[in-house]
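The chain contents come next:
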Amino acid sequence: MTGVPAPAAGGSGAPGTRGAAGAPEAPGAGVSGTGTTGSGTTGSGVSGTSASGTGVTSTGVSGAGVSGGQGPKTPRGGKLIDAAVNQASVWNVANLLTMLRLVLVPGFVALMLADGGYDPVWRAWAWAAFAVAMITDVFDGHLARTYNLVTDFGKIADPIADKAIMGAALICLSYLGDLPWWVTAVILGRELGITLLRFWVIRYGVIPASRGGKLKTLTQGIAVGMYVLALTGPLATLRFWVMAGAVALTVVTGADYVRQAIVLRREGRAERKAAAGEAEA
(Lines give C-alpha, C1' and ligand atoms only; values in the text may rest on other atoms or scores of the structure.)
Protein backbone atom coordinates (compact mmCIF):
# COMPACT_ATOMS: atom_id res chain seq x y z
CA MET A 1 0.00 0.00 0.00
CA THR A 2 1.46 3.28 -1.11
CA GLY A 3 0.94 6.33 0.89
CA VAL A 4 2.20 9.69 1.64
CA PRO A 5 4.57 9.99 4.61
CA ALA A 6 2.69 11.19 7.59
CA PRO A 7 3.46 14.77 8.41
CA ALA A 8 5.16 15.41 11.68
CA ALA A 9 3.62 17.60 14.30
CA GLY A 10 4.55 20.93 12.83
CA GLY A 11 6.27 19.89 9.55
CA SER A 12 8.17 17.23 7.64
CA GLY A 13 10.98 15.22 9.11
CA ALA A 14 13.58 17.04 7.04
CA PRO A 15 16.18 18.98 8.94
CA GLY A 16 15.34 22.55 9.57
CA THR A 17 11.61 22.07 9.92
CA ARG A 18 9.68 23.95 12.55
CA GLY A 19 8.69 22.26 15.77
CA ALA A 20 5.67 22.81 17.89
CA ALA A 21 7.04 26.06 19.18
CA GLY A 22 7.30 27.45 15.62
CA ALA A 23 11.05 28.02 15.82
CA PRO A 24 13.56 26.50 13.33
CA GLU A 25 14.83 23.21 14.55
CA ALA A 26 18.43 22.19 14.20
CA PRO A 27 19.15 18.72 12.81
CA GLY A 28 18.84 16.04 15.47
CA ALA A 29 17.93 18.50 18.19
CA GLY A 30 14.96 18.14 20.48
CA VAL A 31 12.23 20.63 20.95
CA SER A 32 13.05 23.13 23.60
CA GLY A 33 10.17 24.98 25.16
CA THR A 34 9.76 27.45 27.90
CA GLY A 35 8.12 26.55 31.19
CA THR A 36 4.59 27.63 31.73
CA THR A 37 4.22 30.40 34.26
CA GLY A 38 0.85 30.52 35.90
CA SER A 39 -0.31 31.99 39.09
CA GLY A 40 2.44 30.91 41.38
CA THR A 41 3.53 27.91 39.17
CA THR A 42 6.84 27.70 37.31
CA GLY A 43 7.62 24.86 34.89
CA SER A 44 11.12 23.72 34.01
CA GLY A 45 10.59 23.39 30.25
CA VAL A 46 10.39 20.48 27.77
CA SER A 47 13.36 18.81 26.14
CA GLY A 48 13.52 15.87 23.73
CA THR A 49 15.20 14.33 20.61
CA SER A 50 14.08 14.04 17.01
CA ALA A 51 13.49 10.63 15.50
CA SER A 52 15.47 10.28 12.25
CA GLY A 53 13.93 9.03 9.02
CA THR A 54 10.33 9.46 9.95
CA GLY A 55 10.04 13.16 10.25
CA VAL A 56 8.41 12.73 13.61
CA THR A 57 9.77 14.75 16.42
CA SER A 58 9.17 13.21 19.82
CA THR A 59 9.52 15.19 22.93
CA GLY A 60 10.60 14.09 26.38
CA VAL A 61 9.44 15.87 29.45
CA SER A 62 11.77 16.66 32.29
CA GLY A 63 10.16 17.02 35.78
CA ALA A 64 8.87 20.44 36.44
CA GLY A 65 9.22 22.05 39.86
CA VAL A 66 6.20 23.79 41.19
CA SER A 67 6.39 26.74 43.51
CA GLY A 68 3.15 28.33 44.47
CA GLY A 69 1.85 30.91 46.87
CA GLN A 70 1.00 28.29 49.46
CA GLY A 71 3.45 27.59 52.25
CA PRO A 72 4.79 24.19 53.21
CA LYS A 73 2.12 21.71 54.10
CA THR A 74 1.77 20.54 57.66
CA PRO A 75 3.26 17.06 57.91
CA ARG A 76 0.97 14.20 58.66
CA GLY A 77 0.44 13.93 62.40
CA GLY A 78 1.36 17.59 62.94
CA LYS A 79 -1.62 18.17 65.21
CA LEU A 80 -0.62 15.23 67.36
CA ILE A 81 2.90 16.62 67.65
CA ASP A 82 1.56 20.07 68.66
CA ALA A 83 -0.66 18.47 71.28
CA ALA A 84 2.29 16.54 72.66
CA VAL A 85 4.35 19.75 72.91
CA ASN A 86 1.51 21.50 74.74
CA GLN A 87 1.22 18.62 77.18
CA ALA A 88 4.99 18.62 77.73
CA SER A 89 4.87 22.32 78.67
CA VAL A 90 3.15 21.34 81.92
CA TRP A 91 6.42 19.77 83.05
CA ASN A 92 8.30 23.04 83.42
CA VAL A 93 10.49 24.21 86.30
CA ALA A 94 7.78 26.29 87.98
CA ASN A 95 5.28 23.43 88.04
CA LEU A 96 7.93 20.98 89.26
CA LEU A 97 8.60 23.26 92.23
CA THR A 98 4.88 23.36 92.95
CA MET A 99 4.73 19.56 92.82
CA LEU A 100 7.70 19.42 95.19
CA ARG A 101 5.76 21.50 97.71
CA LEU A 102 2.80 19.13 97.48
CA VAL A 103 5.08 16.12 98.03
CA LEU A 104 6.71 17.83 101.04
CA VAL A 105 3.37 18.14 102.88
CA PRO A 106 3.05 14.47 104.02
CA GLY A 107 6.80 14.35 104.65
CA PHE A 108 6.59 17.43 106.84
CA VAL A 109 3.71 15.98 108.86
CA ALA A 110 5.62 12.71 109.40
CA LEU A 111 8.72 14.58 110.58
CA MET A 112 6.69 16.91 112.77
CA LEU A 113 4.91 14.11 114.62
CA ALA A 114 7.87 11.70 114.79
CA ASP A 115 8.75 10.41 118.26
CA GLY A 116 5.77 12.12 119.87
CA GLY A 117 6.39 15.46 118.15
CA TYR A 118 8.76 16.88 120.76
CA ASP A 119 12.14 15.60 119.64
CA PRO A 120 14.33 18.63 118.75
CA VAL A 121 16.14 16.72 115.98
CA TRP A 122 12.93 15.67 114.21
CA ARG A 123 11.53 19.16 114.65
CA ALA A 124 14.67 20.58 113.01
CA TRP A 125 14.15 18.28 110.02
CA ALA A 126 10.51 19.31 109.87
CA TRP A 127 11.59 22.96 109.89
CA ALA A 128 13.95 22.25 106.96
CA ALA A 129 11.08 20.74 104.94
CA PHE A 130 8.86 23.72 105.80
CA ALA A 131 11.59 26.19 104.83
CA VAL A 132 12.12 24.49 101.45
CA ALA A 133 8.37 24.67 100.81
CA MET A 134 8.26 28.38 101.63
CA ILE A 135 11.28 29.16 99.44
CA THR A 136 9.88 27.27 96.44
CA ASP A 137 6.64 29.20 96.90
CA VAL A 138 8.56 32.39 96.19
CA PHE A 139 10.50 31.07 93.21
CA ASP A 140 7.86 29.12 91.28
CA GLY A 141 5.57 32.11 90.80
CA HIS A 142 8.48 34.35 89.81
CA LEU A 143 9.78 31.83 87.26
CA ALA A 144 6.31 31.27 85.79
CA ARG A 145 5.73 34.98 85.21
CA THR A 146 9.26 35.84 84.06
CA TYR A 147 9.71 33.01 81.55
CA ASN A 148 6.07 32.66 80.45
CA LEU A 149 5.62 29.27 82.13
CA VAL A 150 2.11 29.94 83.38
CA THR A 151 -0.16 26.91 82.86
CA ASP A 152 -3.67 25.95 83.93
CA PHE A 153 -2.16 23.28 86.18
CA GLY A 154 0.03 25.85 87.90
CA LYS A 155 -2.88 28.24 88.46
CA ILE A 156 -4.77 25.51 90.32
CA ALA A 157 -1.95 23.63 92.04
CA ASP A 158 0.07 26.61 93.31
CA PRO A 159 -2.52 28.03 95.76
CA ILE A 160 -3.42 24.50 96.87
CA ALA A 161 0.23 23.77 97.68
CA ASP A 162 0.58 27.05 99.57
CA LYS A 163 -2.43 26.44 101.78
CA ALA A 164 -1.62 22.74 102.22
CA ILE A 165 1.83 23.25 103.76
CA MET A 166 0.70 26.18 105.93
CA GLY A 167 -2.44 24.37 107.05
CA ALA A 168 -0.51 21.20 107.87
CA ALA A 169 1.98 23.17 109.98
CA LEU A 170 -0.72 25.05 111.91
CA ILE A 171 -2.80 21.94 112.59
CA CYS A 172 0.26 19.98 113.77
CA LEU A 173 1.30 22.82 116.10
CA SER A 174 -2.17 23.08 117.59
CA TYR A 175 -2.42 19.30 117.92
CA LEU A 176 0.85 19.25 119.86
CA GLY A 177 -0.33 22.11 122.09
CA ASP A 178 2.28 24.61 120.89
CA LEU A 179 -0.25 26.96 119.30
CA PRO A 180 -3.82 27.80 120.39
CA TRP A 181 -6.51 26.36 118.13
CA TRP A 182 -8.15 29.75 117.71
CA VAL A 183 -5.00 31.06 115.99
CA THR A 184 -5.14 28.16 113.53
CA ALA A 185 -8.86 28.77 112.99
CA VAL A 186 -8.34 32.50 112.28
CA ILE A 187 -5.52 31.97 109.77
CA LEU A 188 -7.08 29.03 107.92
CA GLY A 189 -10.55 30.59 108.02
CA ARG A 190 -9.21 33.75 106.46
CA GLU A 191 -7.43 31.84 103.68
CA LEU A 192 -10.51 29.77 102.86
CA GLY A 193 -12.79 32.81 103.00
CA ILE A 194 -10.62 34.89 100.67
CA THR A 195 -10.41 32.01 98.18
CA LEU A 196 -14.22 31.74 98.08
CA LEU A 197 -14.46 35.52 97.83
CA ARG A 198 -12.24 35.54 94.74
CA PHE A 199 -14.51 33.02 93.06
CA TRP A 200 -17.55 35.08 94.04
CA VAL A 201 -16.35 38.19 92.19
CA ILE A 202 -14.33 36.54 89.41
CA ARG A 203 -17.00 37.43 86.83
CA TYR A 204 -16.39 41.10 87.53
CA GLY A 205 -12.60 41.02 87.77
CA VAL A 206 -9.63 39.78 89.78
CA ILE A 207 -8.61 41.06 93.20
CA PRO A 208 -4.85 41.69 92.95
CA ALA A 209 -2.48 40.65 95.69
CA SER A 210 -1.67 43.66 97.86
CA ARG A 211 1.56 44.53 99.62
CA GLY A 212 -0.17 43.86 102.90
CA GLY A 213 -1.10 40.38 101.72
CA LYS A 214 2.50 39.64 100.75
CA LEU A 215 3.75 40.95 104.10
CA LYS A 216 1.16 38.76 105.83
CA THR A 217 2.40 35.68 103.98
CA LEU A 218 6.03 36.43 104.87
CA THR A 219 5.21 37.08 108.54
CA GLN A 220 3.13 33.92 108.78
CA GLY A 221 5.96 31.86 107.30
CA ILE A 222 8.52 33.25 109.75
CA ALA A 223 6.21 32.84 112.74
CA VAL A 224 5.16 29.28 111.91
CA GLY A 225 8.78 28.36 111.17
CA MET A 226 9.84 29.63 114.58
CA TYR A 227 7.11 27.58 116.25
CA VAL A 228 8.13 24.46 114.34
CA LEU A 229 11.62 24.73 115.84
CA ALA A 230 11.90 23.71 119.49
CA LEU A 231 12.91 27.18 120.71
CA THR A 232 13.36 28.17 124.32
CA GLY A 233 14.17 31.32 126.27
CA PRO A 234 14.07 34.73 124.58
CA LEU A 235 13.54 33.18 121.13
CA ALA A 236 10.37 31.48 122.37
CA THR A 237 9.12 34.87 123.58
CA LEU A 238 10.06 36.49 120.28
CA ARG A 239 8.13 33.93 118.24
CA PHE A 240 5.01 34.76 120.27
CA TRP A 241 5.15 38.39 119.19
CA VAL A 242 5.93 37.51 115.58
CA MET A 243 2.86 35.24 115.54
CA ALA A 244 0.78 38.02 117.10
CA GLY A 245 1.84 40.33 114.26
CA ALA A 246 1.00 37.64 111.72
CA VAL A 247 -2.50 37.20 113.16
CA ALA A 248 -3.08 40.96 113.13
CA LEU A 249 -2.00 41.20 109.48
CA THR A 250 -4.20 38.23 108.67
CA VAL A 251 -7.29 39.99 110.03
CA VAL A 252 -6.50 43.43 108.58
CA THR A 253 -5.67 42.21 105.08
CA GLY A 254 -8.69 39.90 105.13
CA ALA A 255 -10.97 42.85 105.86
CA ASP A 256 -9.31 44.83 103.05
CA TYR A 257 -9.93 41.98 100.58
CA VAL A 258 -13.60 41.97 101.58
CA ARG A 259 -13.79 45.72 100.94
CA GLN A 260 -12.13 45.34 97.52
CA ALA A 261 -14.49 42.52 96.59
CA ILE A 262 -17.57 44.57 97.47
CA VAL A 263 -16.32 47.59 95.47
CA LEU A 264 -15.35 45.42 92.50
CA ARG A 265 -18.74 43.70 92.43
CA ARG A 266 -20.62 47.00 92.74
CA GLU A 267 -18.64 48.61 89.92
CA GLY A 268 -18.99 45.54 87.74
CA ARG A 269 -22.76 45.42 88.15
CA ALA A 270 -23.02 49.15 87.42
CA GLU A 271 -21.01 48.74 84.19
CA ARG A 272 -23.22 45.84 83.10
CA LYS A 273 -26.37 47.86 83.69
CA ALA A 274 -24.95 50.81 81.74
CA ALA A 275 -23.98 48.54 78.86
CA ALA A 276 -27.43 46.95 78.83
CA GLY A 277 -29.06 50.42 78.77
CA GLU A 278 -26.93 51.49 75.80
CA ALA A 279 -27.79 48.30 73.95
CA GLU A 280 -31.53 48.89 74.41
CA ALA A 281 -31.19 52.52 73.28
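Our structure is the block above this text.
Residues numbered from 1 in each chain as written. Predicted model: local features only at pLDDT ≥ 70, side-chain atom pairs only at ≥ 80, totals over all residues. Heavy atoms only, no water.

K.L.:
So what exactly am I meant to see when it comes to the overall build of the protein here?
P.N.:
Each helix and strand in the protein was counted, giving seven helices and two strands. Counted from the first residue to the last, the protein has its helices and strands arranged as β-β-α-α-α-α-α-α-α. In the protein, buried positions account for 30% of the 281 residues. Of the contacts made within the protein by residues no fewer than 6 positions apart, 63% connect residues no fewer than 24 positions apart. (Helix = DSSP H or I, 4+ residues; strand = E, 2+ residues; numbered from the N terminus. Buried < 20%, exposed > 50% of the residue type's maximum accessible area, 1.4 Å probe, protein only. Contact = heavy atoms within 4.5 Å.)

K.L.:
Help me understand the packing of aromatic side chains in this model?
P.N.:
Centre-to-centre distance and the angle between the planes together describe a pair of aromatic rings. Across all of its chains, the model carries two aromatic pairs by this definition. Between F108 and F130, the aromatic rings sit 6.0 Å apart at their centres with planes inclined by 45°, giving tilted as the arrangement. Of this pair, F108 sits in helix α2 (residues 93-113) while F130 sits in helix α3 (residues 120-146), and the two are 22 residues apart along the sequence. Side by side, F108 and F130 carry an identical accessibility label, which is buried. Judged by centre distance (5.2 Å) and plane angle (80°), the ring pair of F240 and W241 falls under edge-to-face. The class of F240 is partly exposed, set by a relative accessible area of 46%. (Phe/Tyr/Trp six-rings, centres within 6.5 Å; stacked < 30°, edge-to-face > 60°.)

K.L.:
Can you walk me through a nonpolar patch on the surface in this structure?
P.N.:
A surface patch of nonpolar side chains, amounting to about 460 Å² of accessible area, comprises L113, I171, Y175 and W181. One can find L113 in helix α2. (Patch = residues over 30% accessible without salt bridge, like charges linked within 9 Å, V, L, I, M, F, W, Y side chains within 5 Å. Areas by Shrake-Rupley, 256 points an atom, 1.4 Å probe, with all protein chains shown as cover. Salt bridge = Lys/Arg side-chain N within 4 Å of Asp/Glu carboxyl O.)

K.L.:
Is there a simple way to explain the environment of A185 in this structure?
P.N.:
Turning to its location among the elements, A185 is positioned in helix α5 (residues 181-200). Note: C-alpha distance between A185 and G167 (18 residues apart in sequence) is 9.8 Å.

K.L.:
Whenever I open this one, the pattern of salt bridges confuses me. Can you help?
P.N.:
Once their charged atoms are close, side chains differing in charge can pair, the charge on each being opposite to the other. Scanning the model with the defined rule gives six salt bridges in all. Ionic pairing is found between R123 and D178, a salt bridge with its closest N-O pair at 2.9 Å. Pair noted here: R123 is in helix α3 and D178 is in the loop between α4 (152-175) and α5, with a separation of 55 residues, a long-range link. Given a relative accessible area of 4%, R123 falls into the buried group. Looking at D178, the relative accessible area reads 24%, which means it is partly exposed. It is possible to trace a salt-bridge network through shared partners that takes in R101, D137 and D162.

K.L.:
How should the packing of α4 against helix α6 (residues 211-228) be read in this particular structure?
P.N.:
Helix-helix packing is characterised by the crossing angle of the two axes and by the distance between the axes. Interhelical geometry of α4 versus α6 gives an angle of 40° and a closest axis separation of 10 Å. The orientation of α4 with respect to α6, classified from their angle, is oblique. The hand of the α4/α6 crossing is left-handed. Across from M166, A169, L170 and L173 in α4, the residues of α6 making contact are Q220, G221, V224, Y227 and V228. Across the contact of α4 with α6, the residue classes tally to seven nonpolar, two polar and no charged. (Axes fitted to C-alpha atoms, helices over the stretch in contact; angles between N-to-C directions. Parallel < 35°, antiparallel > 145°, perpendicular 65-115°, else oblique. Left-handed = near helix turned anticlockwise from the far one by under 90°. Nonpolar A, V, L, I, M, F, W, Y, C, P; charged D, E, K, R; others polar.)

K.L.:
Would you mind showing me how to read α2 here?
P.N.:
At 3.6 residues per turn, the α-helix brings residues three or four places apart onto the same side. For α2, spanning 21 residues, the distance from its first C-alpha to its last is 31 Å, which sits close to the expected 30 Å at 1.5 Å a residue. Where α2 bends most, the angle comes to about 30°, and this point is V105, followed within four residues by the proline P106. Among the residues of α2, those classed as buried are A94, N95, L97, T98, R101, L104, V105, F108 and M112. Residues of α2 that are buried sit in contact with α3, α4 and α6. In this structure N92 caps α2, since a side-chain oxygen of it lies 3.1 Å from the backbone nitrogen of A94. Positive backbone phi, at 55°, marks D115, one or two positions downstream of α2. (Expected span 1.5 Å × (residues − 1). Bend = angle between axes of the 7 residues up to and from the residue. Polar contact = N/O pair within 3.5 Å; in protein donor to acceptor, adjacent residues only side chain to side chain.)

K.L.:
Is there a simple way to think about the nonpolar core in this case?
P.N.:
F108, M112, F130, V224 and M243 are the most contacted members of the largest nonpolar core, which totals 27 residues. Elements that contribute at least two residues to this core include exactly α2, α3, α4, α5, α6 and α7 (234-280). Broken down by element, this core gets its largest block of residues, seven residues, from α4. Apart from residues no more than four positions distant in its own chain, F108 is found in contact with A126, A129, F130, I165, A168, A169 and V228. Counting eight residues, the second-largest nonpolar core is a separate cluster that includes I194, L197, V201 and Y204. (Core = buried A, V, L, I, M, F, W, Y, C linked by side-chain atoms within 4.5 Å.)

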